[in-house]
Amino acid sequence: MLAAYAAHTDPDNPLSALEVGDIEPGETPADWVTVRMRASSLNHHDIWSLRGVGLPADRLPMILGCDGVGETEDGRTVVLHTVISSAGWTGDETLDPKRSLLSERYPGTLAEQVRVPAGNLVALPEGMPIEHAACVSTSWLTAYRMLFVQSGVRPGDTVLVQGAGGGVATAAVQLGSAAGLRMFVTSRDEARGAKAVELGAEAAFASGERLPQRVDAVLETVGAATWSHSVKSLKPGGTIVIAGATSGDAPPAELTRIFFQQMRVQGSTMGTRTELQQLLSFMASRRIEPVIDSVRPLSQARDAFERMESGEVFGKLVLTV
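About the cut-offs
Residues numbered from 1 in each chain as written. Predicted model: local features only at pLDDT ≥ 70, side-chain atom pairs only at ≥ 80, totals over all residues. Heavy atoms only, no water. Pairing = 2+ DSSP bridges. Helix = DSSP H or I, 4+ residues; strand = E, 2+ residues; numbered from the N terminus. Contact = heavy atoms within 4.5 Å. Axes fitted to C-alpha atoms, helices over the stretch in contact; angles between N-to-C directions. Core = buried A, V, L, I, M, F, W, Y, C linked by side-chain atoms within 4.5 Å. Buried < 20%, exposed > 50% of the residue type's maximum accessible area, 1.4 Å probe, protein only. Parallel < 35°, antiparallel > 145°, perpendicular 65-115°, else oblique. Nonpolar A, V, L, I, M, F, W, Y, C, P; charged D, E, K, R; others polar. Phe/Tyr/Trp six-rings, centres within 6.5 Å; stacked < 30°, edge-to-face > 60°. Lys NZ or Arg CZ within 6 Å of the ring centre and 35° of its normal. Right-handed = clockwise from strand over helix to strand, strands pointing away. Polar contact = N/O pair within 3.5 Å; in protein donor to acceptor, adjacent residues only side chain to side chain. Expected span 1.5 Å × (residues − 1).

**Student:** Hey, could you run me through the sheet that holds strand β4 (residues 62-63) in this one?
**Tutor:** One key point about sheets: their strands pair by backbone hydrogen bonds, in either a parallel or an antiparallel sense. The antiparallel open sheet is built from 3 strands, whose spatial order is β2-β1-β4. One side of each edge strand has no neighbouring strand; the edge strands of this open sheet are β2 (18-22) and β4. The pairing of strand β1 (residues 2-6) with β2 spans 5 bridges and is classified as antiparallel. Bridging across to β2, Ala6 finds its partner in Leu18. Those strands touched by helix α9 (residues 301-310) are β1 and β2, and its axis lies near 165° from that of β2.

Rendered as structure tokens:
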């Protein structure tokens, strides 16, 4: 079948490890179900996989992709929850120490078909375009859990999102503003900040710029480059939710400020199947549309990867089958 996959890995030139072509589907448990893919989207996770992060040589070749929507053999259109729990795990799957994402242990969604556990399927809301649904399983689900599960904020509270333009940041702005939160963003790029305001942010600031007021929560995916600003921007008793550290994970700890002002530091990873279902319902009821940079067929996946690596993307890169 046609797929975009890591034929090998290369930490310095990840796209050299990418192949787009026919490949035999990888092995999956016998009781998993087959989904014929209709659309999927890229994440930076795919680039990291091509670099070899979390993808050892004994799992290669590996079909890439964590997001997707498709059809089951009985004709249902479904969105894939791609957090895969270990055998026998019960409860919050994000807490399973042996969990994985599709494309880490098992073949991913950038293919004509994929196999997943039956419990990882969520019905596509009526009227939601497949291109929109193909965007939500990773960055949107991460943003949803950060905002509505981990941060403790309520409508009317103020939230700072570090790094406007990233997938999680963009999703958080759209979700938060739709839920009645006052969303602030920071960016090194004035145009990206302006775009975030168009999408619902109340205001955009330069990276490190002092805010007009302290916020109730900070959503942090940048890491070392923005950590000090996040701590200084937070109200006493507020919460910093961390779901990534793209600029490095070893900033100055700011422990004195954190303990004296009784701040909370909360980690967050992906989300549960139930949260994905809630996210889709919320998006459908509020008519929230993910920002899509471009849509192209799966056969042109390399073009999409090149655009992602260029860093000029604002919104999701969608591939259709």
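**Student:** Which parts of the structure should I look at to understand the sheet that holds strand β13 (residues 203-206)?
**Tutor:** Overall, parallel pairing links the 6 strands, which are arranged β13-β12-β11-β14-β15-β16 in an open sheet. This sheet does not close on itself; its edge strands, each paired only once, are β13 and β16 (264-267). When the angles between neighbouring strand axes are averaged without regard to direction, this sheet yields 20°. Most of the contacts of helix α3 (residues 136-150) go to strand β15 (residues 234-242), to which it runs at about 145°, and overall it touches β11 (158-161), β12 (182-187), β14 (215-220), β15 and β16.

**Student:** Explanation requested: unusual backbone geometry in the structure shown.
**Tutor:** When glycine is set aside, most residues are seen to have a negative phi, and most peptide bonds are trans. In this chain, Leu60 is followed by Pro61 through a cis amide linkage whose omega measures -5°. Position of Pro61 among the secondary structure elements: in the loop between α1 (44-51) and β4. Of note, Glu254 is a non-glycine position whose phi angle comes to about 55°, a positive value. Residue position: Glu254 is located in the loop between β15 and α7 (255-260).

**Student:** Whenever I open this one, the nonpolar core confuses me. Can you help?
**Tutor:** For soluble globular proteins, the rule of thumb is that nonpolar side chains tend to be buried together. By size, the foremost hydrophobic cluster in this structure holds 46 residues, and its most contacted members are Val159, Leu175 and Leu279. Considering each element in turn, this core owes the most residues, 7 residues, to α3. If we skip the residues at most four places from it in the chain, Leu279 touches Val136, Trp140, Leu141, Tyr144 and Leu175. Leu42, Leu55, Ala301 and Met308 belong to the second largest nonpolar core, which has 20 residues in total.

**Student:** I'm lost on the packing of α1 against α9 in this one. Help?
**Tutor:** Put simply, α1 and α9 touch, their axes get as near as 10 Å, and they point 95° apart. Here α9 runs roughly perpendicular to α1, going by the angle between their axes. Contact residues: α1 offers His44, Asp46, Ile47, Leu50 and Arg51, while α9 offers Phe305, Met308 and Glu309. When its residues are assigned to classes, the contact of α1 with α9 shows 4 nonpolar, 1 polar and 3 charged.

**Student:** Can you walk me through the packing of aromatic side chains in this structure?
**Tutor:** Aromatic rings in a pair are described by how distant their centres are and how their planes are angled relative to each other. A full pass over the atoms with the stated rule returns 4 aromatic pairs. Judged by centre distance (5.0 Å) and plane angle (70°), the ring pair of Tyr144 and Phe148 falls under edge-to-face. Within this pair, Tyr144 and its partner Phe148 are both found in helix α3, separated by 4 residues, close to a single helical turn. Take Tyr144: its relative accessible area is 10%, and that puts it in the buried class. Between the aromatic rings of Phe184 and Phe205, the centroid separation amounts to 5.5 Å while the plane-to-plane angle is 70°, which identifies the pairing as edge-to-face. Taken as a pair, Phe184 in strand β12 and Phe205 in strand β13 lie far apart in primary sequence, 21 residues in all. We classify Phe184 as buried; its relative accessible area is 2%. An aromatic cluster of at least three residues, connected via ring pairs, comprises Tyr144, Phe148 and Phe282. One residue, Arg51, lies across the ring of Trp48, its end atom 5.8 Å from the ring centre.

**Student:** What is the right way to look at the pairing of β11 in this model?
**Tutor:** Within a regular beta strand, the side chains point alternately toward one face of the sheet and then the other, so they alternate between its two faces. Residues of β11 alternate between two faces, with Thr158 and Leu160 on one and Val159 and Val161 on the opposite face, all of them buried. Strand direction decides the pairing type here: β11 and β12, joined by 4 bridges, are parallel. By the bridge assignment for β12, Leu160 is matched with Phe184. The parallel pair β11 and β12, bridged by helix α4 (residues 167-178), forms a crossover whose chirality is right-handed. With 3 bridges connecting them, β11 and β14 associate as parallel partners.

**Student:** Is there a simple way to explain the side chain of Gln174 in this structure?
**Tutor:** Summarising the element assignment, Gln174 is placed in helix α4. Engagement of the side chain of Gln174 in a polar contact is seen with the backbone oxygen of Glu289, the distance being 2.8 Å.

**Student:** Help me understand the side chain of Ser40, please; the structure alone is not making it clear to me.
**Tutor:** Take Ser40: it is sitting in strand β3 (residues 33-41). Once residues lying within four places of it in the same chain are set aside, the contact partners of Ser40 are Asp67, Gly68, Thr109, Leu110, Ala134, Leu317, Val318 and Leu319.

**Student:** Just to check I follow, could you spell out the environment of Leu175 for this structure?
**Tutor:** With respect to the helices, strands and loops of the structure, Leu175 is situated in helix α4. Placed 114 residues apart in sequence, Leu175 and Glu289 show a C-alpha to C-alpha distance of 9.9 Å.

**Student:** Is there a simple way to think about α4 in this case?
**Tutor:** Think of an α-helix as turning once every 3.6 residues; residues three or four places apart then point the same way. Taking 1.5 Å of rise per residue, 12 residues should cover 16 Å, and α4 covers 17 Å from first to last C-alpha, within 8% of that figure. For α4, the buried fraction is high: 9 of the 12 residues fall into the buried class. If you check which residues of α4 are buried, you get Val168, Ala169, Thr170, Ala171, Ala172, Val173, Gln174, Leu175 and Gly176. Where α4 is buried, its residues meet α3, β11, β12, α5 (190-198), β14 and α8 (273-286). Backbone geometry just downstream of α4 places Gly180 in the positive-phi region, at approximately 85°.

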